[in-house]
Amino acid sequence: SSSPDVRRTMETKPVITCLKTLLIVYSFVFWITGAILLAVGVWGKLMLGPYISLIADNSTNAPYVLIGTGTVIIVFGLFGCFATCRGSPWMLKLYAMFLSLVFLAELVAGISGFVFRHEIKGTFYRTYTDAVLNYDAKDEASQAVDSLQHRVRCCGVYNYTSWFGSVYYPSNGIPSSCCLNASDCNQQDLRNATAAPSKVYHQGCYELVTSFMETNMAIIAGVTFGIAFSQLIGMLLACCLSRIITANQYEMV
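Below: a short report on this structure. (Residues numbered from 1 in each chain as written. Predicted model: local features only at pLDDT ≥ 70, side-chain atom pairs only at ≥ 80, totals over all residues. Heavy atoms only, no water.)

Describing the overall build of the protein
Rules: Secondary structure elements follow DSSP: runs of H or I of four or more residues count as helices, runs of E of two or more count as strands, with numbering from the N terminus. Only protein chains enter the accessibility calculation, which uses a 1.4 Å probe; a residue is then buried when its area is under 20% of its type maximum, exposed when over 50%, and partly exposed in between. Note on contacts: a residue pair is in contact if any heavy atoms of the two residues lie within 4.5 Å. Note on areas: Shrake-Rupley with a 1.4 Å probe; residue coverage comes only from the protein chains shown.
Of the regular secondary structure elements, the protein holds 9 helices and 0 strands. The order of α-helices and β-strands along the protein, N terminus first, is α-α-α-α-α-α-α-α-α. Evaluated residue by residue, the protein yields a buried proportion of 39% over its 253 residues. Put simply, 74% of the contacts in the protein that link residues at least 6 apart link residues at least 24 apart. Counting every atom, the protein has about 14200 Å² of accessible surface; 68% of that belongs to carbon and sulfur.

Focus: the nonpolar core
Which entries qualify depends on this criterion: Each nonpolar core is a collection of buried residues, namely Ala, Val, Leu, Ile, Met, Phe, Trp, Tyr and Cys, held together in the definition by side-chain atoms within 4.5 Å.
Counting residues in each nonpolar core, the largest one holds 26 residues, and the members touching the most others are Tyr128, Cys155, Trp163, Ile174 and Val200. Sorting the residues of this core by element identifies helix H5 (117–133), helix H6 (140–152) and helix H9 (205–248) as the ones contributing at least two each. The next biggest cluster of nonpolar side chains, apart from the first, holds 20 residues, and it includes Tyr26, Ile73, Phe98 and Leu237.

Examining helix H4 (residues 89–115)
Selection criterion: How far a helix is expected to stretch is found by multiplying one less than its residue total by 1.5 Å.
With 27 residues, H4 ought to run about 39 Å at 1.5 Å a step, and its terminal C-alpha atoms sit 39 Å apart, in line with that. Along H4, the residues that are buried comprise Pro89, Met91, Leu92, Tyr95, Ala96, Phe98, Leu99, Val102, Phe103, Glu106 and Gly110.

A look at the packing of H4 against H9
Quick reminder of the rule: Structural elements are reduced to axes, namely lines fitted to C-alpha atoms, with helices fitted over the stretch in contact, and the angle between N-to-C directions of any two is expressed from 0 to 180 degrees. Should an angle fall under 35 degrees it is taken as roughly parallel, and over 145 as roughly antiparallel, whereas 65 to 115 is taken as roughly perpendicular and any remaining angle as oblique. Handedness of a helix crossing follows the sense of rotation of the near helix relative to the far helix, less than a right angle counterclockwise being left-handed and clockwise being right-handed.
As a packed pair, H4 and H9 sit with axes 8 Å apart at the nearest point and diverge in direction by 165 degrees. In terms of orientation, H4 lies roughly antiparallel with respect to H9. For the pair H4 and H9, the crossing hand works out as left-handed.

A short note on the environment of Lys199
For Lys199, the location among the structural elements is in the loop between helix H8 (187–191) and H9. In this structure, the C-alpha to C-alpha distance between Lys199 and Leu180, residues 19 residues apart in sequence, is 5.8 Å.

What to know about the packing of aromatic side chains
Both the distance between ring centres and the angle between the ring planes are used here to describe each pair of aromatic rings. The cut-off we apply is this: The pairing test for Phe, Tyr and Trp rings, Trp by its six-membered ring, is centres within 6.5 Å, and the orientation test on the planes gives stacked under 30 degrees, edge-to-face over 60, and tilted for anything in between.
Going through the model one piece at a time under the given rule, you end up with 15 aromatic pairs. Taking the centre distance of 6.5 Å and the plane angle of 70 degrees together, the rings of Phe30 and Tyr95 count as edge-to-face. With Phe30 in helix H1 (residues 2–47) and Tyr95 in helix H4, this residue pair connects regions lying 65 residues apart in the sequence. Geometrically, the ring pair formed by Tyr160 and Phe164 is edge-to-face, given 6.0 Å between the ring centres and 70 degrees between the ring planes. Judged by relative accessible area, which is 15%, Tyr160 ranks as buried. Through a chain of ring-to-ring contacts, three or more aromatic side chains come together here, namely Tyr26, Phe30, Phe76, Phe79, Tyr95 and Phe98.

A word on the state of the cysteines
This is how the line gets drawn: Throughout, disulfides are identified as pairs of cysteine sulfur atoms within 2.5 Å of each other.
What the rule picks out here adds up to 3 disulfides. Here Cys155 is linked by a disulfide to Cys178, with a sulfur-sulfur distance of 2.1 Å. The sign of the 95 degrees torsion about the S-S bond sets the Cys155-Cys178 disulfide as right-handed. Separated by 23 residues along the polypeptide, Cys155 in the loop between H6 and helix H7 (169–172) and Cys178 in the loop between H7 and H8 bring together distant segments of the chain. A disulfide bridge connects Cys179 with Cys185, and the sulfur atoms are separated by 2.0 Å. In this structure the cystine formed by Cys179 and Cys185 twists about its S-S bond by roughly -65 degrees; its chirality is therefore left-handed. Both residues of the pair, Cys179 and Cys185, count as buried. Take the cysteines of the protein that form disulfides and number them in order along the sequence; they join up as 1-6, 2-3, 4-5.

Things to note about a nonpolar patch on the surface
Heads up, the condition is: Each patch is built from residues that are more than 30% exposed by relative accessible area and take part in no salt bridge. Like charges join if they lie within 9 Å; nonpolar side chains (Val, Leu, Ile, Met, Phe, Trp, Tyr) join within 5 Å. Whenever a carboxyl oxygen of Asp or Glu lies within 4 Å of a side-chain nitrogen of Lys or Arg, that contact is scored as a salt bridge.
A grouping of Phe28, Ile32, Ile36, Val40, Val42, Trp43, Leu46 and Met47 is seen on the molecular surface, where their side chains present a nonpolar patch of about 770 Å² in accessible area. Looking at the secondary structure, you find Leu46 in helix H1. For Leu46, a relative accessible area of 65% translates into the label exposed.

Focus on the environment of Ile244
Mapped onto the secondary structure, Ile244 falls in helix H9. Separated by 232 residues in the primary sequence, Ile244 and Thr12 have C-alpha atoms spaced 7.9 Å apart.

Side note on the environment of Tyr168
Of note, Tyr168 is situated in the loop between H6 and H7. Put simply, Tyr168 and Ala137 are 31 residues apart on the chain and 8.3 Å apart in space, counted from C-alpha to C-alpha. Among all residues touching Tyr168, those that are not within four sequence positions of it are Tyr135, Asp136, Ala137, Gly173 and Pro175.

In structure tokens:
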């Protein structure tokens, strides 16, 4: 009577081995995405700190969210590998449950980013205009304005005329970060409303930054949804493996 059971176990052994291999490969890739998120979060905190203060009203937690998510994914990616090697049904179910939570979180993040992109643009316009009008060349927001103008090669909100209304302009003129050529750009020119236009960038920062955001929004959303749906594959693999092991009570020693 035991022969059909033995035969069934012999048939399911390759299936389990195959599922285990797939799940370990998947967990490893999942672990790598965690490491990438962690790296992006750290890079964002170090490199984009000043710019983030311009885009968000109050200093945003986005880098910390990425660092936290990356760390959690690294831990659970390792847990997934361990659960798969052990062939423990409850561990695999826990892993599948975690993947479903990550899937939902990514879906929410992707959708909200897409839905709120106009609000992000509005906030950027408001905070950037505010930073230009209250520019003093010293505080964090002013340094972020300088850095943005210099790197993106832009000047003012819509163009250099935005600076005419700032508290900085009457005594200092347009900031030197607007200069086309640093060596051919003195403070006298920057104070002179007729000479300045030929010395500074003509493109406004608002348009450049928002068009860059719009162009890349589709790519970011695509990547987010791609990663989110890869989570479904992991959930299916973990659930299938858990069920087959439970049905056969097949434990790897």
